[in-house]
Amino acid sequence: MISKRNLVLLGPPGAGKGTLAVILAQEFKLAHISTGDIFRREIKGGTELGKKAQEYVNQGKLVPDELVADMVGSRLAENDCEDGFILDGFPRTVKQAELFDETMKKIGKNLDLVVLFEAGNELLLKRLTARITCKKCGVNFNKLFSPPKEEGTCDECGGELYQRADDSLETATGRLKVYEEQTAPLIEYYRKCGKLASINSELPKEEAYPSLVALLK
Ligand code: ADP
Ligand code: ZN
């Protein structure tokens, strides 16, 4: 069992936060909140929120802080977050972290741990540009590192696989830059309050996952 259950996964795009979050959420019954997945769903559904987020997401820019923080705030108040949650892709700026602190205080919850996923840019770019995603269920595969059994088809649900617009070389490079400029300062932010731990996410998921779980005991 794990004792740390209110979690933030921090790290650059392509580090594998989403992949490990799915496994962790399932094993320990935690709510998995991926802000990127929420935006992609809302955009596909053509909702108001989707329309507001669309330009930013497709260009690999950050959606405005208040918009994301409000969305996460209402998501955290839902029942399935009661026994723990994994935030995957939020907070992404110091402003978002401050808004998140306020929200947690307001709803009477405590953040247990922030896990930093560490990997070098060269590997990250390789992973991002070879990544293919299921249109139907959102699961990721990778042409180089974890190809699907049948080309173009999701192993999980049979859905069609595609390359995300923001996984092109140009946009992926831009997203890494956005991470360094706007998100990396959060490392200091959480180190200062003693909530930071890290894993080596250059390792394949079979090795990275147990080291993640060990941090949560
Ligand atoms: P990755 O982690 O691979 O970059 P995500 O799926 O987490 O991709 O995010 C995709 C896009 O969604 C981001 O490039 C950004 O436009 C938007 N987004 C997701 N989370 C946030 C956030 N916390 N703040 C601002 N924008 C966000
Ligand atoms: Zn699928």
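Quick note: structure is the one above.
First, a word on what this report is: a plain description of the structure on this page. Here the structure is a predicted model, which means the values were calculated and not measured. For every chain, the first residue of the written sequence is number 1, and numbering continues from 1 along that sequence. Each chain gets a letter, beginning with A, and each ligand a number, beginning with 1, in the order they are written. Local features in this predicted model are restricted to residues of pLDDT 70 or higher, and side-chain atom pairs are both shown and tallied only at a pLDDT of 80 or more, whereas totals for entire chains, interfaces and linings draw on every residue. For the side-chain quantities, the full set of heavy atoms in the structure was used; hydrogens and water were omitted.

Here's the deal with the pattern of salt bridges
In a structure, side chains of opposite charge can pair up when their charged atoms sit close to one another.
1) Next: In the sections that follow, a salt bridge refers to a side-chain nitrogen of Lys or Arg positioned within 4 Å of a carboxyl oxygen of Asp or Glu. Tallying each qualifying case throughout the model produces 11 salt bridges.
2) Next: With a shortest N-O distance of 3.5 Å, Glu160 and Lys135 are connected by a salt bridge. You can see Glu160 sitting in the loop between β6 (140-142) and β7 (161-162) and its partner Lys135 sitting in the loop between β5 (131-134) and β6, a full 25 residues away along the chain.
3) Next: The class for Lys135 is partly exposed, based on a relative accessible area of 43%.
4) Next: Overlapping salt bridges, with partners in common, bring together Arg131, Arg164, Asp166, Asp167 and Arg175 in one network. Only runs of H or I of at least four residues qualify as helices and only runs of E of at least two qualify as strands under DSSP, and these elements are numbered from the N terminus. Note on exposure labels: buried denotes an accessible area under 20% of the residue type's maximum, exposed denotes more than 50%, and partly exposed covers the range between, all computed with a 1.4 Å probe on protein chains only.

Details of the packing of aromatic side chains
1) Next: For Phe, Tyr and Trp, where Trp contributes only its six-membered ring, two rings pair if their centres lie within 6.5 Å, and the inter-plane angle classes them as stacked under 30 degrees, edge-to-face over 60, or tilted in between. All chains considered together, the criterion is met by two aromatic pairs.
2) Next: Here the aromatic rings of Phe90 and Phe100 are separated by 5.8 Å at their centres, their planes lie at 85°, and the arrangement is edge-to-face. Within this pair, whereas Phe90 is found in the loop between β3 (85-88) and α5 (94-106), its partner Phe100 is found in helix α5, the two being separated by 10 residues in sequence. When sorted by exposure, Phe90 lands in the same class as Phe100, which is buried.
3) Next: For the pair Tyr189 and Tyr190, a centre-to-centre distance of 5.0 Å together with 80° between the ring planes defines the contact as edge-to-face.
4) Next: According to the relative accessible area criterion, Tyr189 is partly exposed, its value standing at 22%.

Points about helix α9 (residues 205-215)
1) Next: Within α9, burial applies to Ala208, Tyr209, Leu212 and Val213. Buried residues of α9, seen end-on, are gathered within an arc of 135° and therefore sit on one face of the element. In this context, the arc is that of the directions from the helix axis out to the C-beta atoms.

Focus on the site of ligand 1
1) Next: Residues are classed as near a molecule or strand on a simple rule: at least one heavy atom within 4 Å of it. Taken together, 20 residues lie around ligand 1, and Thr35, Arg40, Lys61, Gln96 and Arg175 are the ones closest in.
2) Next: Polar contacts, as used here, are pairs of N or O atoms within 3.5 Å; protein pairs need one atom able to donate a hydrogen and one able to accept it. Residues neighboring in sequence count only if both atoms are side-chain atoms. At 2.9 Å from an oxygen atom of ligand 1 is found a side-chain nitrogen or oxygen belonging to Arg40.
3) Next: Within the contact set of ligand 1, a nitrogen atom lies 3.0 Å away from a backbone nitrogen or oxygen of Val63.
4) Next: Out of a free accessible area of 550 Å², ligand 1 has 96% covered by protein chains.
5) Next: Elements represented by at least two residues in the shell around ligand 1 include exactly α2 (35-45) and α3 (48-59).
6) Next: Residues are grouped as follows: nonpolar covers Ala, Val, Leu, Ile, Met, Phe, Trp, Tyr, Cys and Pro; charged covers Asp, Glu, Lys and Arg; every other residue, Gly included, is treated as polar. Here the shell around ligand 1 is built from residues that sort into eight nonpolar, four polar and eight charged. Accessibility throughout is a Shrake-Rupley quantity obtained with a 1.4 Å probe, and a residue counts as covered only by protein chains that appear here.

Considerations on the sheet that holds strand β4 (residues 113-118)
Either a parallel or an antiparallel arrangement is found when strands of a sheet pair, and the pairing is made through backbone hydrogen bonds.
1) Next: When DSSP locates at least two bridges between a pair of strands, those strands are taken to pair. Taken in spatial order, the five strands of this open sheet run β2-β3-β1-β4-β8, and their pairing is parallel. Of all strands in the sheet, those with a lone pairing partner are β2 (31-34) and β8 (196-200), marking the two edges. Averaged over all pairs of adjacent strands, the angle between strand axes in this sheet comes to 20°, irrespective of strand direction.
2) Next: Judged from the four bridges that link them, β2 and β3 form a sheet pairing that is parallel. Within β3, the residue paired with His32 across the bridge is Ile86.
3) Next: Here, residues are in contact when the closest pair of their heavy atoms is within 4.5 Å. Fitting a line to C-alpha atoms yields each axis, with helices limited to the stretch in contact; the angle taken between N-to-C directions then spans 0 to 180 degrees. Strands in contact with α2 are β2 and β3; relative to β2, the strand with the most contacts, it is inclined by about 65°.
4) Next: Contacts between α9 and the sheet are confined to β4 and β8, with β8 contributing the most and set at about 165° to the helix.

Function-wise, these values are silent; they only describe arrangement.
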